[in-house]
2 protein chains.
Amino acid sequence: MSTALTVNSYFNDQVKSIALENAEGTSTVGVMAVGEYEFGTSQREYMTVVSGSLTVKLPLENEWKTFIKGDLFIVEANQVFQVKVTETTAYLCRYE
Amino acid sequence: MSTALTVNSYFNDQVKSIALENAEGTSTVGVMAVGEYEFGTSQREYMTVVSGSLTVKLPLENEWKTFIKGDLFIVEANQVFQVKVTETTAYLCRYE
């Protein structure tokens, strides 16, 4: 069985991701280049840092918080969150 | 600064990866579709399962071993190893 793997690209190719679906659910793994990004969610997102770090301002929070390899943060559906990336960072994003 | 992110594709698009370089070193994050693959290494590889599972026959071993989310296996440079993928799986591969 041949299942094409979908690659998506955002922010002028500064963020790229590959989609996957398995027993854990529907996810993407991706990489963010150094920069600042604002993401919007359409589903709840479980974001795990796979390599590197992400400094994040979550919805309704005033403080930036840094998440390192292995850390998880959750963003509810229909929210906007901001991310500062100071080194190229890999992440897993699971949708629910 | 704009750093293009490189996407590579292998095995007829059944395996795709995105390269990254950061404080942890040089890595790729990728996804393997269901299938069986044989990989060759040119450097030592530290393979971590990010989502899903990989059943692996490491060089010089006779037994297949299954690695799940969070598990790490190491393959020395200039070796060949075989992988069976029974669900779409994301991995982090760090090169040394």
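In the annotation of an unreviewed UniProt entry, chain A is listed under the name Pyrimidine/purine nucleoside phosphorylase and assigned to Marinomonas hwangdonensis. Of chain A, the UniProt comment under Sequence similarities (unreviewed entry) reads exactly: "Belongs to the nucleoside phosphorylase PpnP family." Turning to chain A, the UniProt annotation filed under Function (unreviewed entry) states: "Catalyzes the phosphorolysis of diverse nucleosides, yielding D-ribose 1-phosphate and the respective free bases. Can use uridine, adenosine, guanosine, cytidine, thymidine, inosine and xanthosine as substrates. Also catalyzes the reverse reactions."

Asker: Quick question: what am I supposed to make of the sheet that holds strand β10 (residues 89-95) of chain B here?
Answerer: Residue and element names in this part refer to chain B. Strand order across the open sheet formed by six strands is β1-β2-β3-β10-β5-β8, with antiparallel pairing between neighbours. Lying at the two open borders of the sheet, with one neighbouring strand each, are β1 (7-10) and β8 (72-75). If you compare each strand with its neighbour and ignore which way they point, the axes differ by 25° on average. As paired strands, strand β5 (residues 45-51) and β10 are joined by six bridges and run antiparallel to one another. In the strand pairing of β10, Val-49 is matched with Tyr-91.

Asker: What is the right way to read the relation of the copies chain B and chain A from this model?
Answerer: Both copies of the chain are placed relative to one another by a rotation about an axis and a shift along it. Overlaying chain B on chain A yields an RMSD of 0.0 Å, the required transformation being a rotation through 180° with an accompanying axial translation of 0.0 Å. Here the transformation between the copies is reduced to the relation of a two-fold axis. When the interface residues of chain B are mapped onto chain A, 100% of them again lie at the interface, so the same face is used by both copies.

Asker: How do you make sense of the pairing of strand β2 (residues 15-22) of chain A when you look at a structure like this?
Answerer: The two faces of a sheet get side chains in turn, since along a regular strand they alternate between them. Residues and elements named next belong to chain A. Among the eight residues in β2, six count as buried, and that is most of the element. Sheet analysis places strand β1 (residues 7-10) next to β2, joined by four bridges and oriented antiparallel. Bridged to Ser-9 within β2 is Lys-16. Summarising the sheet, β2 and strand β3 (residues 25-32) pair through eight bridges and their orientation is antiparallel. Across the sheet, residue Lys-16 finds its bridge partner in β3, namely Val-31. The turn linking β2 back onto β3 is made up of two residues.

Asker: Just checking my understanding: could you explain the pairing of β8 of chain B for this structure?
Answerer: Residue and element names in this part refer to chain B. Side chains of β8 alternate between two faces, with Phe-73 and Val-75 buried and Leu-72 and Ile-74 left unburied. Inspection of the sheet shows β5 paired to β8 by four bridges, in the antiparallel sense. The partner of Met-47 across the bridge, within β8, is Phe-73.

Asker: Sorry if this is basic, but what is going on with the interface of chain B and chain A here?
Answerer: Reports of interface size often rely on the accessible area that becomes lost once the parts have come together. Facing 31 residues of chain B, the contacting portion of chain A comprises 31 residues. For the pairing of chain B and chain A, the buried interface totals around 2400 Å² over both sides, and the portion due to carbon and sulfur atoms is 62%. Between chain B and chain A we count two salt bridges in total. The partner of Lys-69 of chain B in a salt bridge is Glu-24 of chain A, and the shortest N-O contact between them spans 2.8 Å. Where chain B meets chain A, there are twelve residue pairs in polar contact (both at pLDDT 80 or more). Examining the composition of the side of chain B that touches chain A, we find that eight residues originate from one element, strand β2 (residues 15-22) of chain B, more than from any other. Residue classes in the side of chain B that touches chain A are distributed as 15 nonpolar, ten polar and six charged.

Cut-offs used in this document
Residues numbered from 1 in each chain as written. Chains lettered and ligands numbered in written order. Predicted model: local features only at pLDDT ≥ 70, side-chain atom pairs only at ≥ 80, totals over all residues. Heavy atoms only, no water. UniProt positions renumbered as here; feature names shortened; annotations may be inferred. Pairing = 2+ DSSP bridges. Helix = DSSP H or I, 4+ residues; strand = E, 2+ residues; numbered from the N terminus. Axes fitted to C-alpha atoms, helices over the stretch in contact; angles between N-to-C directions. Least-squares fit on C-alpha atoms with pLDDT ≥ 70 in both. Contact = heavy atoms within 4.5 Å. Buried < 20%, exposed > 50% of the residue type's maximum accessible area, 1.4 Å probe, protein only. Buried area = accessible area lost by both parts, 1.4 Å probe. Salt bridge = Lys/Arg side-chain N within 4 Å of Asp/Glu carboxyl O. Polar contact = N/O pair within 3.5 Å; in protein donor to acceptor, adjacent residues only side chain to side chain. Nonpolar A, V, L, I, M, F, W, Y, C, P; charged D, E, K, R; others polar.

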